[in-house]
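Notes for the structure review
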Amino acid sequence: MSAITFGTDGWRAIIGDDFTYENVRAVAAATAAVFAEECGGDVAGKRLIVGYDARFEAAAFAAAAAEVLAAAGFEVLLSDRVIPTPGVCYGISRDDAAVGGIMLTASHNPSAWLGVKVRMADGGASPAEFTDRIEEKLQRRAAAPISLSSASTRVILTDLVASYLDGLRETLRILAPSTPPPPTTLTVIVDPLYGAGQGYLAQMIREQDVEVIEIHAERNPSFNGLHPEPIPPWTDVAKAAVLEHGAAAAFVTDGDGDRIGAIDEHGNFVSPHRIIALLAQHLAEDLGRDGRIIKTLAASTTIDRLGAELGIEVVTKPIGFKWIYEEMLAGDVLIGGEESGGIGIPEHVRERDGLLMALLLLQMMRVRQKTLGELVADFEKTVGMMYYLRRDLTLDEPTMERFRTEVLTSTPKKIAGQPVINVDRTDGLKLLFADDEWLLLRGSGTEPLVRVYAEATTPERLTAYLDAGEAYVRNESIS
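Criteria and thresholds
Residues numbered from 1 in each chain as written. Predicted model: local features only at pLDDT ≥ 70, side-chain atom pairs only at ≥ 80, totals over all residues. Heavy atoms only, no water. Pairing = 2+ DSSP bridges. Helix = DSSP H or I, 4+ residues; strand = E, 2+ residues; numbered from the N terminus. Axes fitted to C-alpha atoms, helices over the stretch in contact; angles between N-to-C directions. Contact = heavy atoms within 4.5 Å. Disulfide = S-S within 2.5 Å. Buried < 20%, exposed > 50% of the residue type's maximum accessible area, 1.4 Å probe, protein only. 1 Å grid on protein atoms, 1.4 Å probe; cavity = no way out; pocket = protein on both sides within 12 Å on 5 of 7 lines; lining within 4 Å. Points joined across faces, edges and corners; volume = space filled by probe spheres on them. Core = buried A, V, L, I, M, F, W, Y, C linked by side-chain atoms within 4.5 Å. Polar contact = N/O pair within 3.5 Å; in protein donor to acceptor, adjacent residues only side chain to side chain. Nonpolar A, V, L, I, M, F, W, Y, C, P; charged D, E, K, R; others polar. Salt bridge = Lys/Arg side-chain N within 4 Å of Asp/Glu carboxyl O. Expected span 1.5 Å × (residues − 1). Parallel < 35°, antiparallel > 145°, perpendicular 65-115°, else oblique. Phe/Tyr/Trp six-rings, centres within 6.5 Å; stacked < 30°, edge-to-face > 60°. Lys NZ or Arg CZ within 6 Å of the ring centre and 35° of its normal.

1. Some points on the sheet that holds strand 3 (residues 75-79)
- If you trace the six strands from one edge of the open sheet to the other, you get 1-5-4-2-3-6, paired in mixed fashion. The two strands at the open ends of the sheet, each matched to only one other strand, are strand 1 (11-14) and strand 6 (155-158). Strand-to-strand twist across the sheet, computed as the mean angle between neighbouring axes with direction ignored, equals 20°.
- Here strand 3 pairs with strand 6 via four bridges, running parallel. From the neighbouring strand, Leu-78 faces strand 6, where its bridge partner is Leu-157.
- Relative to the sheet, helix 3 (residues 85-93) contacts strand 2 (47-52), strand 4 (98-104) and strand 5 (113-120), its axis offset from that of strand 4 by approximately 170°.

See the structure below:
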């Protein structure tokens, strides 16, 4: 068995290469063993919930994993259809007998990939300590041998989707504005990028008396060459649809429905940074909610500026929603989000939910009677304009090794002609410049690449930082 390691959120591998039935069963057995330890060895009456996304063979892999979990003594609820990750998380959190669960997904990775996410009893992401124990059992082959002969009787095919959609409706009811917004005529584009959100978000928006045009909603395990990540260029088809149909906005979700991106009425991409900030505004100003804003290290400094404007504390954590989850456990959280589009509010479930965020963004548009572009313009007028972009670098192993051993430990004095005024090594190497500008170099926790992030006051300065950051990673000139 190849080495199996859990990254920022779960284990991911290429289908047919490392992602095999043998490895999936091994991961399920080790996961069951750790959950059993958490139960003090007594799993009688304890339940695990299993879901899967729209990828090739995902349903069959989920069934194989469910059988192994059941053979370890757990009752297992297996989704009877494709379901977003937040749907599985919601199901776990509302089931008193559930001690956790797993989701078969590779999230935003290309179609050749599949993976396993582990979720805890409240639906939140598994902490590193938990997945470290799974890895240890895999390395030592420490999961006890199991017999599958009677496992099928403890695997129950279940409609998890209906209760999840009901949960979205209940959350919208709880978060309804005190004064209902006036009737309006809107058309929006919904693009699930062939992922697990197919049909579900479109259905929920139609229930708001909004016309929906859904694209990329048919089953296509190859994703027709798209990467199911809600950022350009994968949002370009949604952009074209907005302009073609004169739509008010487009809402784009990723492969397992826990991330969101958006397009405004002019075809402009609305980044997750803007969405986090807009929803924080909406929750605080329109809905009267309070609490801290939690963001990750790669998220925009404009969120910090908004927090100062609203008088709300903003907390910055390492990259990965599990760190936001820890803050949600501590309490007093208004909203938490990461630059990749994973955004969540604890009233719903302590996890990201791209579908709920789209519904709340639509709600904000209707409450304020403004287009998405107008909301963004108002925000930028309040906090100022910053330009942000990310580059992904696929490197050979010698360059990757140099990145890990030399670049991450270095302290450059100047990048792109700008003096480095501070260094943050919380997660990767973040170089801080004047005027809230910054450059972050970080190895991906889910893919074999290095990400170069930057934010600057002008597009020209942004490009200069990205070019210099890439050169620095590749051991080229950084002047």
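2. Let's talk about the state of the cysteines
- Tallying each qualifying case throughout the model produces zero disulfides.
- A disulfide-free cysteine, Cys-39 has its sulfur positioned 18 Å from the sulfur of Cys-89, the nearest such atom.
- Residue Cys-39 is classed as buried on the basis of its relative accessible area, which comes to 18%.
- Relative accessible area serves as the criterion here: at 0%, Cys-89 is assigned to the buried category.

3. Some words on the sheet that holds strand 8 (residues 211-214)
- Across the sheet, five strands lie side by side as 8-7-9-10-11; this open sheet has mixed pairing. Of all strands in the sheet, those with a lone pairing partner are strand 8 and strand 11 (269-270), marking the two edges.
- By the bridge criterion, two bridges tie strand 10 (residues 260-263) to strand 11 in an arrangement that is antiparallel. Pairing of Ile-263 across the sheet is with Phe-269, part of strand 11.

4. Observations regarding the layout of surface pockets
- Estimated volume of the largest pocket: approximately 840 Å³.
- Around the largest pocket, the lining comprises 39 residues; the ones closest to its centre are Ile-231, Pro-232, Phe-269, Leu-389 and Arg-390.
- Sorting the residues of the lining of the largest pocket by element identifies strand 11, helix 8 (272-286), helix 12 (372-383), strand 16 (387-393) and strand 22 (450-456) as the ones contributing at least two each.
- Ranked by residues supplied to the lining of the largest pocket, first place goes to strand 16 with six residues.

5. Observations regarding the nonpolar core
- Ranked by size, the top nonpolar core spans 64 residues in total, and within it Ile-205, Phe-251 and Ile-335 carry the most contacts.
- Element by element, the count of residues in this core is highest for helix 11 (residues 354-368), at 10 residues.
- Residues within four places of Ile-335 in sequence aside, it is in contact with Ile-276, Leu-279, Ala-280, Leu-283, Arg-292, Ile-293, Ile-294, Ile-343, Gly-344 and Ile-345.
- In this structure, Leu-69, Val-76, Leu-78 and Val-116 belong to the second largest nonpolar core, which totals 45 residues.

6. Quick look at the side chain of Asn-220
- Along the polypeptide, Asn-220 turns up in the loop between strand 8 and helix 7 (236-245).
- Relative accessible area serves as the criterion here: at 18%, Asn-220 is assigned to the buried category.
- Polar contacts involving the side chain of Asn-220 include one to the side chain of Ser-222, which spans 2.7 Å.

7. Concerning empty space enclosed by the protein
- What the rule picks out here adds up to one cavity of 30 Å³ or more.
- Taken as a whole, the largest cavity spans an internal volume of roughly 180 Å³.
- Considering the residues around the largest cavity, the lining is formed by 20 residues, among which Thr-8, His-108, Arg-259, Ile-319 and Ser-340 are closest to the centre.
- Looking at the lining of the largest cavity residue by residue, the class counts come to three nonpolar, seven polar and 10 charged.

8. A word on the pattern of salt bridges
- Enumeration over the complete set of coordinates arrives at 45 salt bridges.
- Its salt-bridge partner being Arg-350, residue Asp-122 comes within 2.8 Å of it at the nearest N-O pair. Within this pair, whereas Asp-122 is found in the loop between strand 5 and helix 4 (128-140), its partner Arg-350 is found in the loop between strand 15 (343-344) and helix 11, the two being separated by 228 residues in sequence.
- In this structure Arg-350 comes out as partly exposed when scored by relative accessible area, which is 28%.
- Linking Arg-352 and Glu-351 is a salt bridge whose minimum nitrogen-to-oxygen distance equals 3.1 Å.
- Residue Arg-352 is classed as buried on the basis of its relative accessible area, which comes to 3%.
- Here the residues in one salt-bridge network are Asp-9, Lys-117, Arg-119, Asp-256, Asp-258, Glu-338, Glu-351 and Arg-352, joined through shared partners.

9. Concerning helix 1 (residues 21-38)
- Compared with the 26 Å implied by 1.5 Å per residue over 18 residues, the 26 Å span of helix 1 between its first and last C-alpha is a close match.
- Looking at helix 1, one finds that the buried residues are Asn-23, Val-24, Ala-26, Val-27, Ala-28, Ala-29, Ala-30, Thr-31, Ala-32, Val-34, Phe-35 and Ala-36.
- On its buried face, helix 1 is in contact with strand 1, strand 2, helix 2 (58-71), strand 4, strand 5 and helix 4.
- Positive backbone phi, at 70°, marks Gly-40, one or two positions downstream of helix 1.

10. Quick word on the packing of helix 3 against helix 5 (residues 161-174)
- Two elements in contact, helix 3 and helix 5, have axes separated by 9 Å at closest approach and are oriented at 85°. Relative to helix 5, the element helix 3 is oriented roughly perpendicular. From helix 3, Pro-86, Gly-87 and Tyr-90 reach across to helix 5, where they touch Ser-163, Tyr-164 and Gly-167.
- For the contact of helix 3 with helix 5, a count of residues per class yields three nonpolar, three polar and no charged.

11. Comments concerning the packing of aromatic side chains
- Counted under the stated rule, the structure contains seven aromatic pairs.
- Measuring from centroid to centroid gives 4.9 Å for Phe-35 and Phe-130, while their planes differ by 55°, and the two rings are tilted. Highlighted residues: Phe-35 in helix 1 and Phe-130 in helix 4, separated in sequence by 95 residues. In terms of burial, Phe-35 and Phe-130 fall into one category: buried.
- One aromatic cluster is present, formed by Trp-11, Phe-19, Tyr-21 and Phe-61 through successive ring pairs.
- The lysine or arginine in question, Lys-430, covers the ring of Trp-438, its NZ or CZ lying 4.2 Å from the ring centre.

Limitation: the analysis is restricted to geometry and does not speak to function.
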